[in-house]
Amino acid sequence: MRTRLVTVLLALITAILVIPGPVAAADEQGGEALHGQILNPENRDQGVEGIGITVYDGEDEIGAAETDSDGMWEVELPEPGTYRVVVDQESVPSEYVVREGIIVDGETEVEVEADDRRPLIVALEGAGAAEGGDASESPSEDTADDSGGEAGGEDGAVAPTTGGGSSFGAQFLQLTVSGILFGLVIAISAIGLSLIFGTTKMINFAHGDMVTFGAMVALLFSTGAAGLGNSLLAIFAGIGIAVLIGGLLEARLPRTTLIVAQWVAIFGGIALATTLGVMGDSIDWQVPLWLAAAIAVVMGAVLGGTMERYIWRPLRHRNVALIQMFIVSIGLALILRHVILVIFGAGRNRYAGYQIQELVQLGPVAMAPRDLVIMGVAVAVLVAVACLLQFTRIGKAMRAVSDNRDLAESSGIDVDRVTLYVWGLGGGLAALGGVLYGLNQVVEYEMGFRLLLLMFAAVILGGLGTAYGAMVGGLAVGLVAMLSTLWFPSQLMQAWALALMILMLLVRPQGLLGRRERVG
Amino acid sequence: MDILSILAESTRSAFGPIAAIYALAAIGLNIHFGYTGLLNFGQVGFMLVGAYGVGISVAVFDLPLAAGFGVGLLCALVLALLLGIPTLRLRADYLSITTIAAAEVIRLVYRAGFAEPLTGGAFGLQNLSADFRTLNPFDAGERYGFGLLAYNGNHLWVLVVTWGLVAVMAGLTWLLMHSPWGRVIKGIREDEDAVRSLGKNVFAYKMQALVLGGLIGSLAGCMLAVYQASIQPDQFKPQVTFFLWVILLLGGAGRVFGPVLGAMAFWFLMTFTDGVLQGMGALGWLPFLDGPDYGAIQLAFAGLMLVVLIVFRPQGLIGDRKEMLVNVK
Amino acid sequence: MSSDEANVGAGVDRMVGAEPVPGSAKSDPILVADGVRRSFGGLTAVDVEHVEVQRGTITALIGPNGAGKSTLFNLLTGFDRVDRGRWTFEGRAINGKRGHQVARAGMVRTFQLTKALTRMTVLDNMLLGAPGQFGERMAGAFLRPVWQRQERENTARALVLLERFKLIDKRDDMAGSLSGGQRKLLEMARSLMTDPSMIMLDEPMAGVNPALVQSLLGHITALRDEGKTVLFVEHDMDVIMGISDWIVVLAQGRVIAEGRPSDIRADQQVIDAYLGAQEETVETQGSGE
């Protein structure tokens, strides 16, 4: 192996030395330049056109450029040196101003080295934001990666307006309520994570992306499914039927029939998906959000079940070590996140018809009706899950497997099937969590990963592997995250959750509801 | 689509400064995972504190570059202790959770509005490499090298220093891992209880490994700041860590040259797939995709590589089959 | 070494003066434990009032599945934390000490499921056991000339032990390629590298090819004859009766009996507890302990 490799490398190196340089080095031949892209602060996918930028050497104008439709600009420079760059503030659309920082009063000085094609960041922000000067209102406010401050609405969604004048007590109450709300969302999403860990000892790093998946699917079906939605539905129906056949009829059907039926279902789904995809947008339909959420939950369950049936179970049967499985799940997270990005795009969206709602005053606390619904649904689902775990056979089996996989197996529980159900349940709950989270905030492709950090804090706080621990931990993390904004900037929310988690690991690593572990 | 020039560009990036920086960070990760068995899913966090150590010292406090490196390394030390103390006595999964969360939280804090006076917030810091360039023994205007591998003086200087650091760190790894210290470390990877039962302070060794790998990671971050002369927090997203994992597994975990080879192979592949995607897009073969999707496809591809490598070829390109095939549990 | 010789060892009474009652005092105890308790959830796994281990003997710890033998082992060796209790080793209190500290004090253990370091060579496994290595310090690792001499001495010692445990031909093989019995031998040899005064063997015969059992027994008695103290957990009654000088019986976490093999054989309480539970054990095989 190693000799072959060395041969290949040597051949490559020889090739490089022979191929004439300028072919590839072309981009480096251009000498010095300044360039950049000015983006729309409200939607970072778009550039702002027509902003003028002039470069001076002392008082001599060297060159000027205007941003194109993508917001790109470039000015060629004659030689290395220090240049003064001036942004024409007149040309900036009136709703924005140039952000102060690197650029002061529309001017900045940059040093350009030989052969340096330097990027220069010119950032815009909403015209109102600069005057406030308050960090929490600046466009880079949120944890979001695209500083997409939607006219200040975003922060309001995370931490309800703690607006001027209200007393500390009122703020406290308000934040407690939104903490509970946030905590319920975390709890719902995290139950699956904890149960999956309990049954398989595996940490599903892709759990956050299953949350995103749910939110995205609900968005798709509530705003118009068309070709993409139909195809997705067909594929998931096919795979879902295959997994179900495997899960339910394994004992009753002969093996060949079973396998044939599964493959027929999968290929049927794919064929149907292709047909629907070709027909494209001619079959367009859309459903109300609650129905779209139901579809998302079912599809989330199918996604979870599929991952278990076609990835994790084979890996377990191959005796792949746990550490390797963690890495597989990281890989799956990357795949899932970016497939979602390709399919659904990087935009920030909200569920239509739920963004702007009149607040309902409940005593001292003001809430949007959608948040009340979220809380109601979350509590109902959590109670339902608790009943499932406590009173049904499958629920008891889940807890038994979670408690001690070997013991459960030796007492006659079909561990593989229980694990499949746990993944289905976890996937469905994650999808629901995604819908609720998206309803409360915005839907975008990295939302799940950010929630995953809080879910980790929640399950560790409550005790890895216990469903009730995830509930308790979720609520605690939600409350801590929200209440911390009383005293600290809201960007530190996640940091507090992390600090809480680390503290818990120091004091009681098994978590609030976990049991002290046996060693050896 | 000009396959030849795509290949040429790919090869160039395999030897480029970014590949060297990733190789450096992956050497740190190799000490963590390859030798000690620590599941660090937040190596990018160490790179970040290193880069910002340089950035803040140089751009905000006008300190010399050497002080910046010192600050960066110091931050990494503190971070390693903070992560290690609560988790290294526990099962491996706790470290993985804590590191992945901590790296992302650090990024969010550094890019937050209130940190802007120090970190420049979401826009980062600029003008970081003046000191480094004054040390440059090469003529910045001159082109050195031949054929495809010709670089201007500044780039050559970065290349020499970064690959030099890679060589030094690889040498350091070799020395350490061929010593009794390395034997204890590898023993911990296999079974820490067994090592503990022989009277070794496993916690202390794990901590030493975590710190050492973290320091090397932060050195990579420092070099990134110096090479780019500017840093933004969004360069330190979690996928950087996952790239490092692909690099490590591609090259071979637990091998001194694994990360180096892995980094070169990885960046070759990334540039190559990017070139091919762009080329196919230009030819109109990818009607469903826009330009920005190519990056996402590449990331998904990196994820796929991670899965396929760890399941089917855990020993990587140069890993020892004999060593890896024996039950890995 | 034949089984006859092993049995001869047991013929000598090394327990002069010790009463066959739970918690009895020994003339020269190396390990003394008092009030050791550990519970999991609501279940009390170990609750030992008082127990002493006589220096230079082979003491067996027996009991039905789930009696808390392995847990007691883990507690005494610092691999698990007690709820309460204290114990001394060679007169020094070592409760609350961590696993590596207990090992350094001279009380070294092996594991029920052998922990051979599979992706390291047999010789490296051995060298890992050597105490006080300068090269094991991080800074020391770079000073090759300094630790190389020590390394040579340790290697020589390891080779002697490998010779004795008949593993010398395997020294450059990966430990993962050894058979189950060879791994047990390697683990025992490795623990001897630390030069312990007491060796704790957790089910040394479990999963060992019957052909190797006699050789393992021989090694254990040889350890005692060198003056080391051996405490071991075992299931196989014949083995225990054959080589032990003293037997401690644990049931439901408590010491229910102590004595010479002949005392234990006659103890009705032991027969009830042990054999009664033994039948259950068969049913729940595989549930692990």
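Since we're looking at a predicted model, the values are computed, not measured. (Residues numbered from 1 in each chain as written. Chains lettered and ligands numbered in written order. Predicted model: local features only at pLDDT ≥ 70, side-chain atom pairs only at ≥ 80, totals over all residues. Heavy atoms only, no water.)

**A word on the overall build of chain B**
At step 1: Along chain B, the regular secondary structure elements total 15 helices and 2 strands.
At step 2: In terms of overall size, chain B behaves like a compact globule, its C-alpha atoms giving a radius of gyration of 20 Å where 329 residues would be expected to give roughly 20 Å.
At step 3: If you line up chain B on its principal axes, its C-alpha atoms span 60 × 50 × 40 Å.
At step 4: Of all 329 residues assigned to chain B, the portion counted as buried reaches 67%.
At step 5: Residue pairs at least 24 apart in sequence account for 75% of intrachain contacts in chain B once pairs closer than 6 positions are excluded.
At step 6: As displayed, chain B offers around 10300 Å² of accessible surface, 69% of which is attributable to carbon and sulfur atoms.
At step 7: Treating the 19 positive side-chain charges of chain B as one cloud and the 19 negative ones as another, the clouds have centres 12 Å apart. (Helix = DSSP H or I, 4+ residues; strand = E, 2+ residues; numbered from the N terminus. Rg over C-alpha atoms; globule rule 2.2 N^0.38 Å. Buried < 20%, exposed > 50% of the residue type's maximum accessible area, 1.4 Å probe, protein only. Contact = heavy atoms within 4.5 Å. Areas by Shrake-Rupley, 256 points an atom, 1.4 Å probe, with all protein chains shown as cover. Lys, Arg positive; Asp, Glu negative; His and termini not counted. Charge placed at Lys NZ, Arg CZ, Asp CG, Glu CD.)

**As for the overall build of chain A**
At step 1: When helices and strands are tallied, chain A shows 17 helices and 13 strands.
At step 2: For chain A, buried positions account for 55% of its 520 residues.
At step 3: About 21800 Å² of surface is accessible on chain A, with carbon and sulfur atoms providing 62% of the total.

**Details of the packing of aromatic side chains**
At step 1: Counted by the stated rule, this structure contains 23 aromatic pairs over all chains.
At step 2: Judged by centre distance (4.8 Å) and plane angle (70°), the ring pair of Tyr52(B) and Tyr110(B) falls under edge-to-face. Remark: Tyr110(B) occurs in helix H5 (residues 92-111) and Tyr52(B) occurs in helix H3 (residues 43-60); sequence separation between them is 58 residues.
At step 3: Overall, Tyr52(B) belongs to the buried group, its relative accessible area being 1%.
At step 4: Here the aromatic rings of Phe138(B) and Trp157(B) are separated by 6.4 Å at their centres, their planes lie at 65°, and the arrangement is edge-to-face. Here Phe138(B) is found in the loop between helix H7 (130-134) and strand E1 (143-144), whereas its partner Trp157(B) is found in helix H8 (residues 153-177), with 19 residues between them in sequence.
At step 5: Under the relative-accessibility criterion, Phe138(B) is labelled partly exposed at 24%.
At step 6: Every member of this aromatic cluster is reached through a ring pair, and the members are Phe205(A), Phe326(A), Phe456(A), Phe33(B), Phe41(B) and Trp245(B).
At step 7: Sitting over the ring of Phe79(C), Arg109(C) keeps its end group 5.0 Å from the ring centre. (Phe/Tyr/Trp six-rings, centres within 6.5 Å; stacked < 30°, edge-to-face > 60°. Lys NZ or Arg CZ within 6 Å of the ring centre and 35° of its normal.)

**Observations regarding the interface of chain A and chain B**
At step 1: Listed by partner, the interface residues are 73 residues for chain A and 79 residues for chain B.
At step 2: With both sides pooled, the region where chain A packs onto chain B buries about 6900 Å², and carbon together with sulfur makes up 70% of that total.
At step 3: At the junction of chain A with chain B, the criterion picks out 1 salt bridge.
At step 4: In this structure, the connection of chain A to chain B is made through 3 residue pairs in polar contact (both at pLDDT 80 or more).
At step 5: Broken down by element, the residue count for the side of chain A that touches chain B peaks at 13 residues, all from helix H10 (residues 322-344) of chain A.
At step 6: Class assignment for the residues of the side of chain A that touches chain B results in 50 nonpolar, 10 polar and 13 charged. (Buried area = accessible area lost by both parts, 1.4 Å probe. Salt bridge = Lys/Arg side-chain N within 4 Å of Asp/Glu carboxyl O. Polar contact = N/O pair within 3.5 Å; in protein donor to acceptor, adjacent residues only side chain to side chain. Nonpolar A, V, L, I, M, F, W, Y, C, P; charged D, E, K, R; others polar.)

**Re the sheet that holds strand E5 (residues 60-66) of chain A**
All names here are of chain A.
At step 1: Judged by pairing direction, the sheet is antiparallel, and its 4 strands sit side by side in the order E5-E4-E7-E9 without closing on themselves. Whereas interior strands pair on both sides, the edge strands pair on one side only; in this sheet they are E5 and strand E9 (107-112). For this sheet, the mean angle separating the axes of adjacent strands, direction not counted, is 25°.
At step 2: When strand E4 (residues 52-57) meets strand E7 (residues 81-87), the two strands line up antiparallel, connected through 4 bridges. Looking at the pairing, Val55 lines up with Val85 of E7. (Pairing = 2+ DSSP bridges. Axes fitted to C-alpha atoms, helices over the stretch in contact; angles between N-to-C directions.)

**Quick notes on the sheet that holds strand E10 (residues 254-259) of chain C**
Residues and elements named next belong to chain C.
At step 1: Taken together, 6 strands build an open sheet; the order of strands is E6-E7-E8-E3-E9-E10 and the sheet is mixed. The two strands at the open ends of the sheet, each matched to only one other strand, are strand E6 (107-109) and E10. Each strand of the sheet is rotated relative to its neighbour by a mean of 20°, with strand direction disregarded.
At step 2: Direction of pairing for E6 relative to strand E7 (residues 198-202): parallel, over a ladder of 3 bridges. Bridge pairing in E7 places Val108 opposite Ile199.

**Observations concerning the pairing of E7(A)**
All names here are of chain A.
At step 1: Counted residue by residue, E7 has 5 buried out of 7 residues, so it is predominantly covered.
At step 2: Where E7 and E9 come together, 6 bridges link them in antiparallel fashion. Across the sheet, residue Val86 finds its bridge partner in E9, namely Glu107.

**A closer look at helix H5 (residues 144-164) of chain C**
At step 1: The terminal C-alpha atoms of H5(C) lie 29 Å apart, and with 21 residues this matches the ideal 30 Å at 1.5 Å per residue to within 8%.
At step 2: Directly beyond the C-terminal end of H5(C), a positive phi value near 55° is found at Lys166(C). (Expected span 1.5 Å × (residues − 1).)

**Regarding the confidence of the model for chain A**
Fine structural detail should not be taken from predicted coordinates in areas where pLDDT scores are low.
Residues and elements named next belong to chain A.
At step 1: With 83% of its residues at a pLDDT of at least 70, chain A reaches an overall mean of 80.
At step 2: No element of chain A has a lower mean pLDDT than helix H4 (residues 153-158), which averages 36, and none a higher one than helix H14 (residues 415-440), which averages 93.
At step 3: Confidence drops under pLDDT 50 across residues 20-29; counting only partners more than four residues distant or on other chains, this segment forms 15 contacts.
At step 4: Throughout residues 129-164 the model reports pLDDT below 50, and contacts reaching past four residues in sequence, or to other chains, amount to 72 contacts. (pLDDT = per-residue confidence, 0-100.)

**Looking at helix H8 (residues 255-279) of chain A**
Residues and elements named next belong to chain A.
At step 1: The first and last C-alpha atoms of H8 sit 36 Å apart over 25 residues, in line with the 36 Å expected at 1.5 Å per residue.
At step 2: Within H8, the full set of buried residues consists of Leu258, Gln262, Ala265, Ile266, Gly269, Ala273 and Leu276.
At step 3: Check the buried side of H8 and you find it contacts helix H7 (226-249) and helix H9 (289-317).
At step 4: Positive phi shows up at Gly280, right after H8, with a value of about 65°.

**Thoughts on the confidence of the model for chain B**
All names here are of chain B.
At step 1: Looking at chain B, the pLDDT average stands at 89 and 96% of residues meet or exceed 70.
At step 2: Within chain B, no element has a lower average pLDDT than helix H15 (residues 321-325), which sits at 50, and none a higher one than helix H11 (residues 202-228), at 96.
At step 3: Low pLDDT (under 50) marks residues 325-329, which in the prediction has 9 contacts with non-local residues, meaning those over four places away or in another chain.
At step 4: Scored as a whole, the predicted complex attains pTM 0.84, and scored at its interfaces, ipTM 0.88.

**Regarding the pairing of E7(C)**
All names here are of chain C.
At step 1: Taken across its 5 residues, E7 has 5 buried, putting it largely inside the fold.
At step 2: Of the two faces of E7, the one holding Met198, Met200 and Asp202 and the one holding Ile199 and Leu201 are both buried throughout.
At step 3: You can see the chain leave E7, run along helix H7 (residues 210-225) and come back into strand E8 (residues 229-233), and the turn it takes is right-handed. (Right-handed = clockwise from strand over helix to strand, strands pointing away.)

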